[in-house]
Each structure stands twice: as C-alpha cells, then as structure tokens.
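Working through the structure, step by step
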Amino acid sequence: MTEAWQASVEAKIQDAVQRGEFDDLPGMGKPIPGRGAPYDEAWWIKSFLEREALPSDLLLPTSLQLRRRIDQVPDEVRDLPTEQSVRDFVGQLNAQIVAWLRSPDDGPRVAVRPVNTEDVLRRWRAERARRKITSTVTEPATVVTPSRRRRRSWWPLWRRRRG
C-alpha cells in the first residue's frame, strides 16, 4: 500500500516538474539563510524577533526589563510637554514596579525600587530650561524692514489667464 502511495506521489511530482510549476520559485538560486552558521538552539526566537521587528528586550525577565526602563526614564520624559504628563509616565512605571514587587517572577533577583517623581521632575525642568537657553542663543535675530516689499511673481497670474 505504501509503495503504491509513494509511486502516485512521485508521479504527481514528475508531472508538476514537466508542466514547469517548480520553475521561477521565490528564492531560487539563492543560498539557504544560515546554511554555514553554527547551530543555535534559539534560532527560531531570533528569526521571529527579526521578522516581526521586535526589540530583544522582550526576552529579558521582568526585573531586568524594569531596570532598563528605569535607566531610560530621563530619555523618555525629555520630550513630554507638561509636568502632569511626566507625573503620569512615572506613575505608570511605578505601578508596574510595585506590581512586580508584590509578586516577582522566577527571574533573577535584581534590586528594583519605584522611581522618585520629584527627582525626575527636577531633571526634566532643568533640561527644558537648558534647551530654552540654547535655542534662544542659536536662533539668529531676523530684522524685517518695512521698506522692502516682496515682489509678486508674474507666473501665477499668467497661468490663471491661460487656464
């Protein structure tokens, strides 16, 4: 029975080859990706992260993810427009930290403490003040003289008449 089945499958493959259904397949003539690389047990995870354009931070345990987010707080709050938005951001991060402290996962025990909102606000204000000072210094003063009028171009008027 299996020989008959194998023969029928082989016959269908040969018919498809003769019809040219295997010609011009995508990837034809290209090397197989990762062919010469040493074997990696996590190849499927790495390919998934690359294919979906996900950050590799997702593979870290929660405690290390939180530590990384704490380290990135100054960069993340730098462009927030108001103090309230900075407070909201730090409050959400602190809520995640407190939730993890209440029921930690099996990851490594890393010291994670809630972020001090007032320290973040003090740095945020200092950064904004520094940016205001540098932006006013670098902007050249423009002087507009009322005697110089801008000449109107004749091109738009000519185009209107023709159209």
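All figures in this text were calculated on a predicted structure; none of them were measured in a lab.

Rules behind the numbers
- Residues numbered from 1 in each chain as written.
- Predicted model: local features only at pLDDT ≥ 70, side-chain atom pairs only at ≥ 80, totals over all residues.
- Heavy atoms only, no water.
- Helix = DSSP H or I, 4+ residues; strand = E, 2+ residues; numbered from the N terminus.
- Buried < 20%, exposed > 50% of the residue type's maximum accessible area, 1.4 Å probe, protein only.
- Contact = heavy atoms within 4.5 Å.
- Areas by Shrake-Rupley, 256 points an atom, 1.4 Å probe, with all protein chains shown as cover.
- pLDDT = per-residue confidence, 0-100.
- Salt bridge = Lys/Arg side-chain N within 4 Å of Asp/Glu carboxyl O.
- Patch = residues over 30% accessible without salt bridge, like charges linked within 9 Å, V, L, I, M, F, W, Y side chains within 5 Å.
- Core = buried A, V, L, I, M, F, W, Y, C linked by side-chain atoms within 4.5 Å.
- Axes fitted to C-alpha atoms, helices over the stretch in contact; angles between N-to-C directions.
- Parallel < 35°, antiparallel > 145°, perpendicular 65-115°, else oblique.
- Left-handed = near helix turned anticlockwise from the far one by under 90°.
- Nonpolar A, V, L, I, M, F, W, Y, C, P; charged D, E, K, R; others polar.

Some words on the overall build of the protein chain
- Across its full length, the protein chain holds seven helices and zero strands.
- Mapped in sequence order, the helices and strands of the protein chain form the string α-α-α-α-α-α-α.
- Buried positions account for 12% of the 163 residues belonging to the protein chain.
- A separation threshold of at least 6 residues defines the contact pool for the protein chain, and within that pool the share at least 24 residues apart is 58%.
- As displayed, the protein chain offers around 14500 Å² of accessible surface, 55% of which is attributable to carbon and sulfur atoms.

Comments concerning the confidence of the model for the protein chain
- Mean pLDDT over the protein chain stands at 83; residues scoring 70 or higher make up 83%.
- Across the protein chain, element-level confidence peaks in helix α5 (residues 83-102) with a mean pLDDT of 94 and bottoms out in helix α7 (residues 155-162) with 52.

Some remarks on the pattern of salt bridges
- Per the stated rule, a full pass over the model turns up twelve salt bridges.
- Between Glu127 and Arg130 there is a salt bridge, with the nearest N and O atoms lying 2.6 Å from each other. Highlighted residues: Glu127 and Arg130, both in helix α6 (residues 117-138), separated by three residues, approximately one helical turn.
- Take Arg130: its relative accessible area is 45%, and that puts it in the partly exposed class.
- When the shortest N-O distance is used, the salt bridge between Glu127 and Arg131 registers 3.9 Å. One end of the pair, Glu127, and the other, Arg131, are both in helix α6, four residues apart, so they sit about a helical turn from each other.
- Overlapping salt bridges bring together Asp75, Arg78, Asp79, Glu127, Arg130 and Arg131 as one network.

Details of unusual backbone geometry
- Although it is not a glycine, Asp24 sits at a positive phi angle of roughly 60 degrees.
- Of the residues examined, Asp24 reaches a relative accessible area of 69% and is grouped as exposed.
- Phi is positive for Ala53, which is not a glycine, with a value near 55 degrees.
- With respect to the element layout, Ala53 can be found in the loop between α2 (43-52) and α3 (62-71).
- Judged by its relative accessible area of 66%, Ala53 is exposed.

What to know about the environment of Arg68
- Position of Arg68 among the secondary structure elements: in helix α3.
- Classification of Arg68 as partly exposed rests on a relative accessible area of 35%.
- With eleven residues separating them in the primary sequence, Arg68 and Asp57 have C-alpha atoms 8.8 Å apart.

Digging into a nonpolar patch on the surface
- The grouping of Trp5, Val9, Ile13, Val17, Phe22, Leu25 and Met28 at the surface amounts to a nonpolar patch, some 680 Å² of accessible area in total.
- Its place among the elements puts Ile13 in helix α1 (residues 2-19).
- Here Ile13 falls in the partly exposed class, since its relative accessible area comes to 36%.

A word on the nonpolar core
- Grouped together as the largest cluster of nonpolar side chains are 14 residues, with contacts concentrated most on Val77, Val86 and Val120.
- No other element matches the six residues that α5 contributes to this core.

Topic: the packing of α3 against α5
- Interhelical geometry of α3 versus α5 gives an angle of 155 degrees and a closest axis separation of 11 Å. For the element pair α3 / α5, the angle class is roughly antiparallel. Between α3 and α5 the crossing geometry is left-handed. In this structure, α3 uses Thr62, Ser63, Leu66, Arg69 and Ile70 to contact α5, whose residues at the interface are Phe89, Leu93, Gln96, Ile97 and Trp100.
- A breakdown of the residues in the contact of α3 with α5 according to their chemical character gives six nonpolar, three polar and one charged.

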